Amino acid sequence: FSAGTVTTRLTETVKRVLDITFAIAGLVLSAPFMICAIVCIKLDTKGPILFRQERVGKHGKVFTLYKFRSMQVDAESITGPVWACERDPRVTRVGWILRKIRLDETPQMFNVLVGKMSFIGPRPERPVFVSQLKEQIPFYALRFSVKPGITGWAQVKYPYGSTVSDALEKLQYDLYYVKNCSVFLDLIIMFNTIRVILFGRGAR
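Residues numbered from 1 in each chain as written. Predicted model: local features only at pLDDT ≥ 70, side-chain atom pairs only at ≥ 80, totals over all residues. Heavy atoms only, no water.

Draft legend 1. Spotlight on helix H2 (residues 93-100). For H2, the set of buried residues is Val94, Gly95, Leu98 and Arg99. Burial along H2 is one-sided: seen end-on, the buried residues are contained in an arc of 130°. Exposed and oriented more than 90 degrees from the buried face of H2 are Arg93 and Ile97. In this structure, the buried residues of H2 make contact with helix H1 (9-44) and strand E2 (62-68). (Buried < 20%, exposed > 50% of the residue type's maximum accessible area, 1.4 Å probe, protein only. Helix = DSSP H or I, 4+ residues; strand = E, 2+ residues; numbered from the N terminus. Arc of directions from axis to C-beta. Contact = heavy atoms within 4.5 Å.)

So this is what it looks like as structure tokens:
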């Protein structure tokens, strides 16, 4: 809390322009792959193509996040809300591939276009987990000072987390981003994201 965040109105405006630009470009470039994903999902398992789930956004406001469905239908009907784990048995055959190359995340660019998410920011978490983590981790709510992102500093610097301990480690990266948010840092994260996708790191 030394001097607050460095985000200004100009920074937010530039970031929004970049978000729209990246989202439109991303949707255009990934359109053929998204069509392929839709066909593969329909051929692999019965159920909807898109997966809708409530997530917590900026200032704690809940919104609906969209992804390509990579798990079995009603995957949590017995277990209830749980974090994804290594070699998660709920993931479908096509889902493994989509997650490995991060193609399941592409529908989130529509969330970016409507302003619920940013291209870069903390990972949007589910309300049930947010309630638990806010009670167990000091300052956890500060990550909601900015819009959640498709990718972010924590996502490229730390593997996928499935425990409170992981959430604490990732929070440190999220708070660093909140404190030092800038176009330059966003570009660094974009470069690192491309590298993570190419090497398939952190997928579950």
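Here the narrative resumes.
Draft legend 2. Local environment of the nonpolar core. In terms of nonpolar packing, the biggest core is built from 26 residues, with Phe68, Leu98, Ile120, Trp153, Tyr177 and Ile189 touching the most fellow members. Only H1, E2, H2, helix H3 (108-113), strand E3 (118-120), helix H5 (153-157), helix H6 (164-180) and helix H7 (183-199) provide two or more residues apiece to this core. When residues in this core are grouped by element, the largest group, five residues, is from H1. If near-sequence neighbours (up to four positions away) are discounted, phenylalanine 68 is found in contact with Met34, Ala37, Ile38, Ile41, Ile49, Leu50, Phe51, Leu98, Leu103, Asp104, Thr106 and Pro107. (Core = buried A, V, L, I, M, F, W, Y, C linked by side-chain atoms within 4.5 Å.)

Draft legend 3. Representation of the pairing of strand E1 (residues 50-56). Across seven bridges, E1 lies against E2 in antiparallel orientation. Residue pairing across strands places glutamine 53 opposite leucine 65, the latter belonging to E2. Connecting E1 to the antiparallel partner E2 that follows it, the hairpin turn spans five residues, and histidine 59 within it adopts a positive phi of roughly 60°. (Pairing = 2+ DSSP bridges.)

Draft legend 4. Structural view of H6. The terminal C-alpha atoms of H6, which comprises 17 residues, lie 24 Å apart, in line with the 24 Å expected from a rise of 1.5 Å per residue. Among the residues of H6, those classed as buried are Asp166, Ala167, Lys170, Leu171, Asp174, Tyr177 and Val178. (Expected span 1.5 Å × (residues − 1).)

Draft legend 5. Highlighting a nonpolar patch on the surface. Judged by side-chain polarity, Ile20, Ile24 and Val28 come together as a nonpolar surface patch covering roughly 250 Å² of accessible area. Looking at where valine 28 falls in the secondary structure, it is placed in helix H1. By relative accessible area, which is 57% here, valine 28 ends up exposed. (Patch = residues over 30% accessible without salt bridge, like charges linked within 9 Å, V, L, I, M, F, W, Y side chains within 5 Å. Areas by Shrake-Rupley, 256 points an atom, 1.4 Å probe, with all protein chains shown as cover. Salt bridge = Lys/Arg side-chain N within 4 Å of Asp/Glu carboxyl O.)

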